[in-house]
Amino acid sequence: MTSFKSLFGRFFVEKAKNVYSFLIIQTVGALAFSVFGLLIGTGKISEFLNSYTELLPDWLMGFCLLGVFFVIFFFIYIIVKNEKINHSQTWRLTAISDEKFYIANSLSTFATFVYFIILNIIVAGILLIASFFMDKAFRSSCERMFKQFRPNFELNTIRFIFDITLLILLCCFFISLLISFLNFSSKAIMDYLPIASSGLIVKILHIFIVIIIAWFFTKVEKIFVDQVLGSLLNFLNLNPAYNNSLPYVNVIVVVVNLIVFVINIFLFKHFFEAK
Amino acid sequence: MGNPLEITDLVYKKNQKKIITDLNLTLKPGKIVALLGENGAGKTTLMRIISGVAKNYRGTVKVASFAKEADRKAHLSFTDGLTGFANSTKINDIVKFYQILYHDFSLKQFEQLRKFMNLDSDMRLSEMSKGMKEKLVIALTFSRKTDLYLLDEPFSGIDAMARKKIIKSIILWKQEKSTILVSDHFVNEIAAVLDEVVIIKNKTVCMHKSTEAIRADNQSVEEFYESFYQREEDE
């Protein structure tokens, strides 16, 4: 039997293959933007060479700006990869239960996404340190900023940062689960229809399922969130200590993620065939 | 270990159509069995059900006495089209994949088979012809030490000379008690190594006979297969 650990590791390696390509393109792209920006700004190569130290802060800025787009690109890429693996006979032939297969695939997708974000932070950190030590103007403006900045490291601030980060990650996970759900449910319905699968029917089914999901979540939000979960949180005294509803929202998203996750496992195990 | 394959009352439907109905089949250890039938008879579907890839069927499928899909997958080796790999993947990387995910994969056996098939381990999938890919698939399939080998039309793209060489050698690659279920259109070429023939018709197994019994009737496997269809048409 294949172990969960080896399958998870293999999924991660497969998905992380292109992490470095994405990161290199992002870094080189940011460098190109800053070089051309400086060249156009100065107009002459000699002037540009004199102001080469400005390159690093510009590079850092470009890298951070491109990072927003690259994280979104990478998220789309990784979700597509996730679905391809779910559908692949090569992968599905591994001697492991469907439940473990699906869990390993979904979690490794999420882990790879977090890994890409961490690598982005590391590269940005390296560029920041390099800029700080090599560019005097940047260093002095940083120092000025630090002097003016009064960091407020209260517990509530740290909790808020933690909660908002968690919420963003949970929402990303939810999107990936929802795409899998769309895929699995449309395939399950398709196999029961009296006609063979076609692109048009699959698209119609997708639209139909999206409408059903929207309706379902509106209903569930009213019943479950307002009444059941609210009462439960009050009962357990889990209301946030600070004046913010984020932990409450996070608990809701976790519960919704778990429900969709369980439904996906069921659909995957019983209906979703590999090709 | 029980029988390498036991199928009882198997029914499989798709799009409201029955693809397989009331199929029963038992294979004994150490046999090489041909799975024959027309195009669309359900040979590939049957193999996909046995290997746990096809879902939502009724009936019982046991591989080496194991009914759970994960256990079945652990006890069989199925010729896979390698569609899960990018075209830029090298043979070496595919071997690594097999080594990590299949504990019964033997690198030594694969190296022997790779040399036999004249495959360069640095080759990428994109550089390989259809026949070469099929040779690689056969090499990977037989590098696992399992109770049951499922070969779904494994020789269709391989040239005649290599095909004959591979078919002759199949018997050497499998373990003594392992069973091979092979579906192929080259009945004449695989006939020499076969122990049994299974014919799928009308969505079920309609004939399961040993090649010994066929030859006792002074028929070759190919003649038997052809006459079987002829009889059906006459009736």
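Before reading on, note that the structure itself is shown above.
What counts as what
- Residues numbered from 1 in each chain as written.
- Chains lettered and ligands numbered in written order.
- Predicted model: local features only at pLDDT ≥ 70, side-chain atom pairs only at ≥ 80, totals over all residues.
- Heavy atoms only, no water.
- Helix = DSSP H or I, 4+ residues; strand = E, 2+ residues; numbered from the N terminus.
- Buried < 20%, exposed > 50% of the residue type's maximum accessible area, 1.4 Å probe, protein only.
- Contact = heavy atoms within 4.5 Å.
- Areas by Shrake-Rupley, 256 points an atom, 1.4 Å probe, with all protein chains shown as cover.
- Rg over C-alpha atoms; globule rule 2.2 N^0.38 Å.
- Pairing = 2+ DSSP bridges.
- Axes fitted to C-alpha atoms, helices over the stretch in contact; angles between N-to-C directions.

(A) Highlighting the overall build of chain A. Assigned secondary structure in chain A consists of 10 helices and 0 strands. Counted from the first residue to the last, chain A has its helices and strands arranged as α-α-α-α-α-α-α-α-α-α. Burial analysis of chain A (275 residues in total) assigns 41% to the buried set. In chain A, the proportion of contacts linking residues at least 24 apart, taken out of those at least 6 apart, comes to 80%. With the model as given, the accessible surface of chain A reaches about 15700 Å², and the carbon-plus-sulfur share is 76%.

(B) Quick look at the overall build of chain B. Counting its regular elements, chain B contains 9 helices and 9 strands. In terms of overall size, chain B behaves like a compact globule, its C-alpha atoms giving a radius of gyration of 18 Å where 235 residues would be expected to give roughly 18 Å. Relative to its full complement of 235 residues, chain B shows a buried share of 55%. When contacts within chain B are restricted to residue pairs at least 6 apart in sequence, long-range pairs at least 24 apart make up 68% of them. Surface summary for chain B: the accessible area is close to 10500 Å², and the carbon and sulfur share equals 45%.

(C) Structural view of unusual backbone geometry. All names here are of chain B. One non-glycine residue, alanine 64, lies in the positive phi region at around 50 degrees. Here alanine 64 lies in the loop between β4 (57–63) and α2 (69–74). You will see that lysine 203, though not glycine, has its phi angle at about 70 degrees, which is positive. Tracing the sequence through the fold places lysine 203 in the loop between β8 (196–201) and β9 (204–210).

(D) Up close: the sheet that holds strand β3 (residues 32–36) of chain B. All names here are of chain B. Pairing in this open sheet of 6 strands is mixed, and the strands run β5-β6-β7-β3-β8-β9 from one edge to the other. Sheet topology places β5 (76–78) and β9 at the edges, where each strand pairs with a single neighbour. With direction set aside, neighbouring strand axes in the sheet form an average angle of 15 degrees. Here 3 bridges tie β3 to strand β7 (residues 179–183), and the two strands are oriented parallel to one another. Across the sheet, valine 33 pairs through a bridge with leucine 181, a residue of β7.

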